[in-house]
Amino acid sequence: MTINFNKPVAAVVLCAGRGERMKSKKTKMLHEVCGRPLCAWSVEAASEVATDKVVVVLGHQAAEVRAALEERFSGRLTYVVQTEQKGTGHALQVALTELGAFDGTLLVCYGDTPLIEAKELRELVSAQQASDGPLAFLTVELPEPQGYGRVIRGAHGRADRIVEEKEATDAQRAINEVNSGIYAIDAAFARQAAAKLVPSAVKHEYYLTDLVAAAAAKGGASAQKVAPHQAHLLLGVNDRAQLQTCEVWLRMRINAKWMEAGVTLASAAQIIDGDVQLAADVYVGPGAVLRGKTRVGAGSRIDAGAVLTDTVVGENAVVHPYSVCDGAEIGDNVSVGPFARLRPGTVLDADVKIGNFVEVKKSRFRRGSKANHLAYVGDTDVGEQTNIGAGTITCNYDGFSKFETTLGKGVFIGSNSTLVAPVTVEDGAYVAAGSVITERVPADATAFGRARQENKEGHAKKLRERKKQSP
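Residues numbered from 1 in each chain as written. Predicted model: local features only at pLDDT ≥ 70, side-chain atom pairs only at ≥ 80, totals over all residues. Heavy atoms only, no water.

Structurally, the position occupied by Ile-437 is in strand β40 (residues 436-437). Since its relative accessible area comes to 4%, Ile-437 is described here as buried. Distance from Ile-437 to Val-425, taken between C-alpha atoms, is 9.1 Å for residues 12 residues apart in sequence. (Helix = DSSP H or I, 4+ residues; strand = E, 2+ residues; numbered from the N terminus. Buried < 20%, exposed > 50% of the residue type's maximum accessible area, 1.4 Å probe, protein only.)

This is the structure we're talking about:
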């Protein structure tokens, strides 16, 4: 839904917290949800709404959080650091120093609420700009509101203030309407009210929630209640269980999006990261996992148990069950697996076949080439229509350095061959099964790299007799 705002909108996303209950050495902002850092989800939603700056307030592990966000948003964000953790109100004060004389609406949200969507944020900003009051915020009624600040409404029914649970009376704790922590605030009011914040009596922190009471005294605070069936949109992450809960919701959202776009998912619990791209008529089998920036072209099939990470798949390709592909490029009409492994740097041109128990690393298979069974191909350029037989390996590493193998067009490598790099097999050449190849094979030649076979008549029988006589 598109909403035309009548004032500019800047966003402030609070990402300074550490998250003690995560029991982790890294800030909770860097824990991943569906392939993205936790904080990236709400930053993206806020970015879709803001017409002006998006200010991210950093704190714990500021450099690491900034690097993770920059990898995704690349120069689109502004950062400030909250060097002392004095609460959410103090975080807003820090952000306001960066916004200067900005005149418009401030959208304030948190880096640990990954389920909030741009639609709800747009509606909140629109509600604030249409109201007489300087502040609007999202609330929700929860059957079990423990841990959340309660919304206190006056006789007129409008929000008067928010009371944090630790400071609430028993009667106030019985209130089910809770604060989400997501606000749309007139910027001029925010500067005035933030400057007057005083630390709480219990935790001696500056609470952003105190701005609700200040707004109520100046025209009113607008509490925008989220429908009960959408209460999950406001879920925050404070521990591993909540992280998992949010991941489940996001996966359902991602899967629904792709099914609406014409993708068939064999399982309702399919694991598809947020940055994966799928074309129409893709099939994703049960237990398949699509991670990172994986892209799959129209009509392709990713079968049961396959795991693809940062892999590009062309059209009408098949990745058979239990294949693992990492940083690979798979062309149109390619067949991979089952039980194949494609490591980073693998490029498979159109019509290539990589079969069961074949491992490929930093190699290119040109059009129509194949390795159908039990092979290792590393640091190799494989020419068009070349066939690599079962049991073949490229010896690309001597313990110190990596070396390349080049196979020309229409080459045939017999089963159980060993190609010791650096080595070249030119167009149309054959390598006899069981050969060890250490030198160049000329075009259209056949290379035999075997030891001469010798048969010793009766030797096996004599060997068995000696073994029987041994004590």
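This part is about the layout of surface pockets. Within this model, the largest pocket holds a volume of roughly 1,400 Å³. Forming the boundary of the largest pocket are 39 residues, of which Arg-21, Thr-88, Tyr-110, Asp-112 and Asn-238 lie nearest the centre. In terms of residue count, the dominant contributor to the lining of the largest pocket is strand β10 (residues 177-186) (four residues). Taken together, the residues of the lining of the largest pocket sort by class into 11 nonpolar, 17 polar and 11 charged. In terms of lining, the second largest pocket is formed by 16 residues, of which the most central are Trp-41, Glu-44, Glu-48, Glu-117 and Arg-253. Those elements that provide at least two residues to the lining of the second largest pocket are α1 (38-49), α4 (118-130) and α8 (240-260). Its residues assigned to classes, the lining of the second largest pocket shows seven nonpolar, one polar and eight charged. (1 Å grid on protein atoms, 1.4 Å probe; cavity = no way out; pocket = protein on both sides within 12 Å on 5 of 7 lines; lining within 4 Å. Points joined across faces, edges and corners; volume = space filled by probe spheres on them. Nonpolar A, V, L, I, M, F, W, Y, C, P; charged D, E, K, R; others polar.)

This part covers the sheet that holds strand β12 (residues 264-265). Sheet architecture is open: 11 strands sit in the order β12-β15-β18-β21-β24-β27-β30-β33-β36-β39-β41, paired in parallel fashion. Looking at the sheet topology across the chains shown, the edges are occupied by β12 and β41 (446-447). Of the pairings in the sheet, the one linking strand β27 (residues 353-356) to strand β30 (residues 370-373) comprises three bridges and is parallel in character. Each bridged residue has a counterpart across the sheet, and for Ile-354 the counterpart in β30 is Ala-371. (Pairing = 2+ DSSP bridges.)

Attention now moves to α1. Among the 12 residues of α1, 10 are classified as buried, and the element is accordingly described as predominantly covered. Along α1, the residues that are buried comprise Leu-38, Cys-39, Ala-40, Trp-41, Ser-42, Val-43, Ala-45, Ala-46, Ser-47 and Val-49.

Turning our eyes to something else, we now look at the side chain of Ser-300. Residue position: Ser-300 is located in the loop between β17 (295-296) and β18 (301-302). Given a relative accessible area of 1%, Ser-300 falls into the buried group. Other than its neighbours up to four places away in sequence, Ser-300 contacts Asp-281, Val-282, Tyr-283, Val-313, Gly-314, Glu-315, Asn-316 and Ala-317. (Contact = heavy atoms within 4.5 Å.)

Let us look at the packing of helix α3 (residues 88-99) against helix α6 (residues 187-195). Taken N-terminus to C-terminus, the directions of α3 and α6 make an angle of 130°; their axes are 10 Å apart at the nearest point. In terms of axis orientation, α3 runs oblique to α6. Relative to α6, the crossing made by α3 is left-handed. Packed against α3, whose contacting residues are Leu-92, Gln-93 and Leu-96, the element α6 presents Ala-190, Arg-191 and Ala-194 at the interface. Broken down by class, the residue content of the contact of α3 with α6 amounts to four nonpolar, one polar and one charged. (Axes fitted to C-alpha atoms, helices over the stretch in contact; angles between N-to-C directions. Parallel < 35°, antiparallel > 145°, perpendicular 65-115°, else oblique. Left-handed = near helix turned anticlockwise from the far one by under 90°.)

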